[in-house]
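If you want the building blocks of each chain, they are given just below.
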Amino acid sequence: MENKRDDRRAAYSKKMIRESLYELMKTKPLNKITVKEICETADVNRSTFYAYYMDIYDLHQKITKEFFEKQREIINYAVSVLAQKENIADLSIDDFQEICFFYLKTVKANKELYKFIFNQNSTNSIHLSFGKVFFHTILNEIPNKLPEEMKPIFKRSFTFVSGGTTAIMMNWLKTECAEDTTRLSRYLAYYYNGVFNGQKFAKI
């Protein structure tokens, strides 16, 4: 019983420390924030902070790692949907919606984490890196689903919708994810379906 209380206390302390960094980075860069400021904002003492993190950069790195772990869950889910198809071109609007809904649900359940990642990266470099990982994971894990001659077209289509999705996610987060998840995932599914199917008719 004592261990469970300790685990809950540790989880709560980490949550407060992390959210304090989120808040402080709205107004100043990481290298201008001190452990003292984080502890005061989180209402924890310095020993509590150092029990979990070596320094502010270690805290930041662990948050970034958590983001990529969440993104990996999304990738794995998308791959599981794609694996059921003979060819990537066989994906339907419903398939796209299934993937988009899982993505949106993950973002909504981790709003502060995603807001932090977007807000502190004006160029969205972290999210763009994720897009590249997503693309190459699909090619590596289900190589026979995409004909060789379609790879350049697929990459261009993926780049296009990935950038658009990032912009939509940023706006959705600014509204505290107010728009219904099912409704927004359906919109995204139509966008994805249009782009990936539209390339079939492109004369390249």
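Scroll up a little and you will see the structure.
Here the structure is a predicted model, which means the values were calculated and not measured.

Participant: When you look at the overall build of the chain in this model, what are you seeing that I'm missing?
Facilitator: Regarding its fold elements, the chain presents 9 helices and 0 strands. Moving toward the C terminus, one meets the helices and strands of the chain in the order α-α-α-α-α-α-α-α-α. Buried positions account for 45% of the 204 residues belonging to the chain. Here the contacts in the chain between residues at least 6 apart in sequence split such that 69% fall between residues at least 24 apart.

Participant: What is the right way to read unusual backbone geometry from this model?
Facilitator: The phi torsion of most residues other than glycine is negative, and most of the peptide bonds are trans. A positive phi angle, near 60 degrees, is found at Asp43, a position not held by glycine. Tracing the chain through its elements places Asp43 in the loop between α2 (35-42) and α3 (46-52). Its identity as a non-glycine residue notwithstanding, Glu176 has a phi of 60 degrees, on the positive side. Relative to the helices and strands, Glu176 resides in the loop between α8 (151-174) and α9 (181-198).

Participant: Just checking my understanding: could you explain the side chain of Lys115 for this structure?
Facilitator: Take Lys115: it is sitting in helix α6 (residues 111-119). Since its relative accessible area comes to 14%, Lys115 is described here as buried. A distance of 2.7 Å separates a polar atom in the side chain of Lys115 from a polar atom in the side chain of Glu176. Among all residues touching Lys115, those that are not within four sequence positions of it are Leu173 and Glu176.

Participant: Whenever I open this one, a nonpolar patch on the surface confuses me. Can you help?
Facilitator: A cluster of nonpolar residues, Tyr187, Tyr190 and Tyr191, forms a patch on the protein surface that exposes about 330 Å² of accessible area. Tracing the backbone through its elements, the reader meets Tyr191 in helix α9.

Participant: Looking at this structure, I do not really get the nonpolar core. What am I missing?
Facilitator: Generally speaking, a soluble globular protein has its nonpolar side chains buried in company with each other. In terms of nonpolar packing, the biggest core is built from 56 residues, with Ile17, Leu21, Ile38, Phe49, Leu59 and Met169 touching the most fellow members. If you list the elements that add at least two residues to this core, you get α1 (2-24), α2, α4 (56-82), α5 (93-109), α6, α7 (125-141), α8 and α9. The dominant element in this core, judged by the number of residues it contributes, is α4, at 10 residues. Setting aside residues no more than four positions away along its own chain, Met169 makes contact with Tyr103, Leu104, Val107, Phe118 and Leu188.

Rules behind the numbers
- Residues numbered from 1 in each chain as written.
- Predicted model: local features only at pLDDT ≥ 70, side-chain atom pairs only at ≥ 80, totals over all residues.
- Heavy atoms only, no water.
- Helix = DSSP H or I, 4+ residues; strand = E, 2+ residues; numbered from the N terminus.
- Buried < 20%, exposed > 50% of the residue type's maximum accessible area, 1.4 Å probe, protein only.
- Contact = heavy atoms within 4.5 Å.
- Polar contact = N/O pair within 3.5 Å; in protein donor to acceptor, adjacent residues only side chain to side chain.
- Patch = residues over 30% accessible without salt bridge, like charges linked within 9 Å, V, L, I, M, F, W, Y side chains within 5 Å.
- Areas by Shrake-Rupley, 256 points an atom, 1.4 Å probe, with all protein chains shown as cover.
- Salt bridge = Lys/Arg side-chain N within 4 Å of Asp/Glu carboxyl O.
- Core = buried A, V, L, I, M, F, W, Y, C linked by side-chain atoms within 4.5 Å.

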